[in-house]
Amino acid sequence: GAGVSQSPRYKVAKRGQDVALRCDPISGHVSLFWYQQALGQGPEFLTYFQNEAQLDKSGLPSDRFFAERPEGSVSTLKIQRTQQEDSAVYLCASSFGVVTYNEQFFGPGTRLTVL
Amino acid sequence: KQEVTQIPAALSVPEGENLVLNCSFTDSAIYNLQWFRQDPGKGLTSLLLIQSSQREQTSGRLNASLDKSSGRSTLYIAASQPGDSATYLCAVLYYGNNRLAFGKGNQVVVIP
């Protein structure tokens, strides 16, 4: 497809389990972002990649969160030892070229529920 | 702190009325401002992107204005339809950042 895709769309995890969320950006998009959206809130920034380089990870809430984009296209957000407070929608966005001048296009998100 | 505020959190309008949604931001040093639409359980759909050098952008029934000096943007939706019911999010890209700063959104219901 032409848009940003994410998988799985829904994930239920027991507390303490590890999860991996996948993002396929729009082909050719250099910039990739992960955001976390709690219920009733706006998305909050987690991390930013330019190609394969993770240029900003200051939004990751703890060292249990890890993101990678090894070949500069697909990205994976991994959460280790999930906690209930990790329950949220995780949104991926991509942008063509320099982020300061270009629109960010969002995927449908992965809704994570930690029991 | 670089914040984005959207008030009111929720509003209802009768079909056919014009919708006016407001977004305020705390620092005029921005690269751009983007309006999004979010349907329940869905991702974000980009509606309009306004660069810092622009005053407004238009797409169909949508018009967004930007006043950096007062830290405000307004999204106008003309002749609202029930299909316009959704949450509308404003997001700002501040200087020195590569991340969008989002408001909490305006939840809109258009009553047939």
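In what follows, the accompanying structure is described. (Residues numbered from 1 in each chain as written. Chains lettered and ligands numbered in written order. Predicted model: local features only at pLDDT ≥ 70, side-chain atom pairs only at ≥ 80, totals over all residues. Heavy atoms only, no water.)

Another aspect to go through is the layout of surface pockets. By volume, the largest pocket is sized at about 650 Å³. Together, 31 residues line the largest pocket, and Gln37, Leu39 and Gly40 of chain A together with Gln38 and Thr87 of chain B are the ones closest to its centre. The set of elements that each furnish at least two residues to the lining of the largest pocket consists of β9 (88–95) and β11 (110–114) of chain A together with β9 (86–94) and β11 (106–111) of chain B. Considered class by class, the residues forming the lining of the largest pocket number 13 nonpolar, 13 polar and five charged. Within this model, the second largest pocket holds a volume of roughly 500 Å³. As for the second largest pocket, its lining consists of 19 residues, and the residues nearest its centre are Glu44 of chain A together with Lys1, Gln2, Ala101 and Phe102 of chain B. Where the lining of the second largest pocket is concerned, the elements lending two or more residues are β5 (44–50) of chain A together with β1 (4–7) and β10 (101–102) of chain B. If you tally residues by element for the lining of the second largest pocket, the top one is β1 of chain B, at three residues. Looking at the lining of the second largest pocket, its residues break down into seven nonpolar, seven polar and five charged. (1 Å grid on protein atoms, 1.4 Å probe; cavity = no way out; pocket = protein on both sides within 12 Å on 5 of 7 lines; lining within 4 Å. Points joined across faces, edges and corners; volume = space filled by probe spheres on them. Helix = DSSP H or I, 4+ residues; strand = E, 2+ residues; numbered from the N terminus. Nonpolar A, V, L, I, M, F, W, Y, C, P; charged D, E, K, R; others polar.)

This paragraph deals with the nonpolar core. Membership of the largest hydrophobic core comes to 25 residues, with the highest contact counts inside it found for Leu19, Leu21, Leu33, Trp35 and Leu75 of chain B. If you list the elements that add at least two residues to this core, you get β2 (10–14), β3 (19–25), β4 (30–38), β5 (44–51), β7 (62–67), β8 (72–77), β9 and β11 of chain B. Considering every element that reaches this core, the biggest residue donor is β9 of chain B, with five residues. The next biggest cluster of nonpolar side chains, apart from the first, holds 20 residues, and it includes Cys23, Leu32, Trp34 and Tyr90 of chain A. (Core = buried A, V, L, I, M, F, W, Y, C linked by side-chain atoms within 4.5 Å. Buried < 20%, exposed > 50% of the residue type's maximum accessible area, 1.4 Å probe, protein only.)

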